[in-house]
Amino acid sequence: MPIDLSKIKAIDVHVHAEVSCHDPEDPVMGQFFDAASAYFKAPRERPKMPEIVEIYREQQIAFCMFTVDAECGMGAKRVSNYEVAEMAAKNDDICIAFASIDPHKGKFGAREARDLIENYGVKGFKFHGIAQNCHPADRVGYPIYEVIAEYGLPAIFHTGHSGMGTGMRGGGGMRLKYGQPMLVDDVAVDFPDMKIILAHPSWPWVDESLSMALHKDNVFIDLSGWSPKYFAPQIIQYANTQLKKKMLFGSDFPLIHPQKWIDAALQVGFKAEVMPGIMKDNAVRLLGLA
């Protein structure tokens, strides 16, 4: 069933599938889960995909679900993109499949991207330069971007600080420099037909994301990963004005519950007339749902 837009109140573009329904938790990833849960003050146990689907169906919120493939960057076994895609296909009234492929997989990763798009209905991709230990514009990932651009699909790029690795010795080996939004600017130029979503408010580089979204017609911002009560004032300012059609609701579930994000967003000064765009309408256009 396609998503009935009249029956959903929002679209969450940033939801993580962090554990498999079939495979045990990877011990390397488990260390990072422990640290992230402490940082976000979130429960340690990660919900499995069927639980995520039911939470969002009950909330009447459609969502984009993905794993993060950092097998080369972290040495942690990923949750299968195919498992995510199959779960989304079974629940396509509410769930939209995104995929993640470590850029280091290059041309072989591009083969997987094409297969996921053509045969499994994947509608977008997620990249995390910090976890993947890769500059977003490193040419190693360009074969994957070429496939995404060919099909006109969006790609989410993590920006800003990362809860993953926070508090660990040496940050768990993760380099925050790869979360600088301006590093994605070359990708936006080189792939103008690929819609780019800069994930999170991008602290401590907030203004870079705002500038890029103003400058590039293919760059958008999702507001996940932070409670709106902690947003920098300029995020609210631009969401209410020049970037009102470029801002997207995202929670970063399971670390932030979508309803908790929504409740906070209603208290921080977003104009009533821009909220429908942030919560649903902008994502409908970007994802081609209408």
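Residues numbered from 1 in each chain as written. Predicted model: local features only at pLDDT ≥ 70, side-chain atom pairs only at ≥ 80, totals over all residues. Heavy atoms only, no water.

**Q** How do you make sense of empty space enclosed by the protein when you look at a structure like this?
**A** Over the atoms rolls a probe the size of a water molecule, and its path tells where empty space is left. Tallied over the entire structure, the rule returns two cavities of 30 Å³ or more. There is about 60 Å³ of room inside the largest cavity. What lines the largest cavity is Pro103, Phe127, His128, Gly129, Gln132, Cys134, His135, Pro136, Tyr145, Phe157 and His158. Put simply, the parts of the chain that give the lining of the largest cavity at least two residues each are helix H6 (129-132) and strand E5 (155-158). Of the residues that constitute the lining of the largest cavity, the class distribution is six nonpolar, five polar and no charged. Around the second largest cavity, the lining residues are His200, Pro201, Val206, Ser209, Leu210, Ile221, Leu223, Ile235 and Met247. Broken down by element, the lining of the second largest cavity gets its largest block of residues, three residues, from helix H9 (residues 206-215). Of the residues in the lining of the second largest cavity, the class split is seven nonpolar, two polar and no charged. (1 Å grid on protein atoms, 1.4 Å probe; cavity = no way out; pocket = protein on both sides within 12 Å on 5 of 7 lines; lining within 4 Å. Points joined across faces, edges and corners; volume = space filled by probe spheres on them. Helix = DSSP H or I, 4+ residues; strand = E, 2+ residues; numbered from the N terminus. Nonpolar A, V, L, I, M, F, W, Y, C, P; charged D, E, K, R; others polar.)

**Q** How should I be thinking about the sheet that holds strand E2 (residues 61-66) in this particular structure?
**A** Pairing in this open sheet of three strands is parallel, and the strands run E1-E2-E3 from one edge to the other. Only two strands of the sheet have a single partner each, and these edge strands are strand E1 (10-16) and strand E3 (95-97). Averaged over neighbouring strand pairs, the angle between their axes works out to 25 degrees when direction is ignored. As paired elements, E2 and E3 share three bridges and run parallel to each other. Residue Cys64 lies in a different strand from E3, and its bridge partner there is Ile96. Here helix H2 (residues 49-59) sits on the sheet and contacts E1 and E2; the angle it forms with E2, its principal contact strand, is near 155 degrees. Sitting on the sheet, helix H12 (residues 275-287) is in contact with E1, E2 and E3, with an inclination near 70 degrees to E1. (Pairing = 2+ DSSP bridges. Axes fitted to C-alpha atoms, helices over the stretch in contact; angles between N-to-C directions. Contact = heavy atoms within 4.5 Å.)

**Q** I keep staring at helix H5 (residues 106-120) and nothing clicks. Help me out?
**A** Because an α-helix completes one turn every 3.6 residues, residues spaced three or four positions apart along the sequence face the same direction. Helix length check: H5 (15 residues) gives 20 Å between terminal C-alpha atoms against 21 Å at 1.5 Å per residue, within 8%. Buried within H5 we find Gly106, Gly109, Ala110, Glu112, Ala113, Leu116 and Ile117. For H5, the arc enclosing every buried residue in end-on projection is 160 degrees, short of the 170-degree limit, so these residues lie on one face. Exposed and facing more than 90 degrees away from the buried side of H5 are Lys107, Phe108, Arg111 and Asn119. Tucked inside the fold, the buried residues of H5 contact helix H4 (81-90), strand E4 (125-127) and helix H7 (142-150). Once H5 ends, the next one or two residues include Gly121, with phi positive near 70 degrees. (Expected span 1.5 Å × (residues − 1). Buried < 20%, exposed > 50% of the residue type's maximum accessible area, 1.4 Å probe, protein only. Arc of directions from axis to C-beta.)

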